[in-house]
Amino acid sequence: MFSPFTVNGSSLQLLKVGDRGIVKFCNIQDKNILKKLKSLGLNTGVTITIEQEFPSLMIQVGSILLEIDKELARNIYVRVINN
């Protein structure tokens, strides 16, 4: 028999307020942007929470609240954590 599966990964852009995820990878080509995100704590393996979707995407990374534009959020992939 086939075992059931679920989709548990997503682009950060598709998450809703209150959703949590663990950063798996960032598909960002600009090394300066990637370096800045890492310096702010947005590294692989970090747990994030979506705090606000509009007018801009706000995410909680540890004790830091970051504002991320939609284009950047589209390129950050997370494993969704069930609440």
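Look a little higher up for the structure.
Let me sum up the structure you'll find in this document. Since this is a predicted model, take the numbers as computed values, not measurements.

About the criteria used
- Throughout this description, residue numbers start from 1 for each chain and increase along the sequence as written.
- Whole-chain, interface and lining totals are the exception, using all residues; otherwise, since this is a predicted model, local features are given only for residues with pLDDT of at least 70 and side-chain atom pairs are given and counted only at 80 or more.
- Excluding hydrogens and water, the side-chain figures rest on all heavy atoms present in the structure.
- In this analysis, strands are considered paired if DSSP registers two or more bridges between them.
- By definition, any uninterrupted DSSP run of H or I lasting at least four residues is a helix, any uninterrupted run of E lasting at least two residues is a strand, and each is numbered from the N terminus.
- Note on method: axes are straight lines fitted to C-alpha atoms, helices fitted across the in-contact stretch only, with angles between N-to-C directions ranging 0 to 180 degrees.

**Description of the pairing of strand 2 (residues 20–26)**
Then, number 1: Sheet analysis places strand 2 next to strand 3 (residues 47–52), joined by three bridges and oriented antiparallel. For Gly21, the partnering residue across the bridge sits in strand 3 and is Ile48.
Then, number 2: The pairing of strand 2 with strand 6 (residues 76–81) spans six bridges and is classified as antiparallel. Within strand 6, the position partnered with Val23 by the bridge is Val78.

**A short note on the sheet that holds strand 1 (residues 9–11)**
Then, number 1: With antiparallel pairing, six strands are arranged side by side in an open sheet as 1-6-2-3-4-5. Edge positions in the sheet fall to strand 1 and strand 5 (64–68), since each has one partner strand and no second. Averaged over all pairs of adjacent strands, the angle between strand axes in this sheet comes to 40°, irrespective of strand direction.
Then, number 2: With five bridges connecting them, strand 4 (residues 57–61) and strand 5 associate as antiparallel partners. Paired with Leu57 across the bridge in strand 5 is Ile68.

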